[in-house]
Amino acid sequence: MKFFIDTADLNEIKEAASLGILDGVTTNPSLMAKIGITGAENIKQHYIDICNIVDGDISAEVISTDFEGMVREAKELVALHPNIVVKIPMIKDGVKALKWCTDNNIRTNCTLVFSAGQAILAAKAGATYLSPFIGRLDDINWDGVQLIEQIVHIYRNYGYETQVLAASIRNPLHIIRCAEVGADVVTCPLSSIMGLFKHPLTDIGLAQFLADYKKGNG
Ligand code: E4P
């Protein structure tokens, strides 16, 4: 399972990259706004800065909602760096844009996915990645991980190559449950990745080992 970090914050990206287990980065317009990156040129430069930190797939999201606008943005975004993956929303023109990108060798991440039907459409259009938002589903009392399991099952039935990228991860348990049901990728806030380290018996065991070493070696 690939690990992406879900942030536009360069310090968080550097911290996750330093662990040596990071495979890519996802961003969205809200994450850019959260750290005060505004204006088309600044946003593009920020994508380049991210690409210079992480040697992996970096999702950059279009803001157009019409086919022509999405295709124009896709061309501009992929020209920034070879690792850019164009993030396209799951709407009617978005599916058309996904297909255009597939036909023109541009890699894509279909975002804002909340159902298996949407997942089938994106796979038919040849999306590279599919981003079901599991946390937002949990927020409205639906089971987000169950959707991941359903989509993985459908994609395996037909050998679709679209990779299931579980997004809107809220905690370490989401990551583990996504791994259990066969997600290809998880994109996580840094806090959820760091949460995977935690176990009280590890801390107690390490403290004991170090204390015993000190007793014997001064
Ligand atoms: C990433 O691709 C998504 O945009 C992101 O995971 C959404 O997360 P949120 O539901 O926490 O905003």
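These notes cover the structure that comes with them. Please read all numbers here as calculations on a predicted model, not as lab measurements.

Describing the layout of surface pockets
Phase 1: For the largest pocket, the calculated volume is near 410 Å³.
Phase 2: Lining the largest pocket are 23 residues, with Asp6, Asn28, Leu31, Lys34 and Pro189 positioned closest to its centre.
Phase 3: For the lining of the largest pocket, the elements supplying multiple residues, two or more each, are α2 (29-34) and α10 (190-195).
Phase 4: At three residues, the largest contribution of residues to the lining of the largest pocket is made by α2.
Phase 5: Its residues assigned to classes, the lining of the largest pocket shows eight nonpolar, eight polar and seven charged.
Phase 6: By volume, the second largest pocket amounts to about 320 Å³.

Comments concerning the pairing of strand β3 (residues 57-61)
Phase 1: Across the five residues of β3, five count as buried, placing the element largely inside the fold.
Phase 2: The two faces of β3 match: Asp57, Ser59 and Glu61 on one face and Ile58 and Ala60 on the other face are all buried.
Phase 3: Once the chain exits β3 it traverses helix α4 (residues 67-78) before rejoining the sheet at strand β4 (residues 84-89), and the crossover so formed is right-handed.

Some remarks on the site of the ligand
Phase 1: Near the ligand the following residues occur: Asp6, Thr26, Asn28, Lys87, Phe133, Arg136, Ala167, Ser168 and Arg170.
Phase 2: The contact in question runs from an oxygen atom of the ligand to an N or O atom on the side chain of Asn28, over 2.7 Å.
Phase 3: In the complex, 84% of the free accessible area of the ligand, which totals 340 Å², lies under the protein chains.
Phase 4: Among the cavities detected, the one that contains the ligand is the largest pocket.
Phase 5: Across the shell around the ligand, the residue classes break down as two nonpolar, three polar and four charged.

Regarding unusual backbone geometry
Phase 1: Of note, Leu112 is a non-glycine position whose phi angle comes to about 65°, a positive value.
Phase 2: Structurally, the position occupied by Leu112 is in strand β5 (residues 108-113).
Phase 3: When its relative accessible area of 33% is taken as the criterion, Leu112 is described as partly exposed.
Phase 4: Residues other than glycine seldom take positive phi values, yet Ser168 does so here, at roughly 60°.
Phase 5: If you trace the backbone, Ser168 turns up in the loop between β7 (163-166) and α9 (172-180).
Phase 6: Judged by relative accessible area, Ser168 falls into the buried class, the value being 8%.

Quick notes on the rules
Residues numbered from 1 in each chain as written. Predicted model: local features only at pLDDT ≥ 70, side-chain atom pairs only at ≥ 80, totals over all residues. Heavy atoms only, no water. 1 Å grid on protein atoms, 1.4 Å probe; cavity = no way out; pocket = protein on both sides within 12 Å on 5 of 7 lines; lining within 4 Å. Points joined across faces, edges and corners; volume = space filled by probe spheres on them. Helix = DSSP H or I, 4+ residues; strand = E, 2+ residues; numbered from the N terminus. Nonpolar A, V, L, I, M, F, W, Y, C, P; charged D, E, K, R; others polar. Buried < 20%, exposed > 50% of the residue type's maximum accessible area, 1.4 Å probe, protein only. Right-handed = clockwise from strand over helix to strand, strands pointing away. Near = heavy atom within 4 Å. Polar contact = N/O pair within 3.5 Å; in protein donor to acceptor, adjacent residues only side chain to side chain. Areas by Shrake-Rupley, 256 points an atom, 1.4 Å probe, with all protein chains shown as cover. Sits in = over half its atoms within 2 Å of the grid points.

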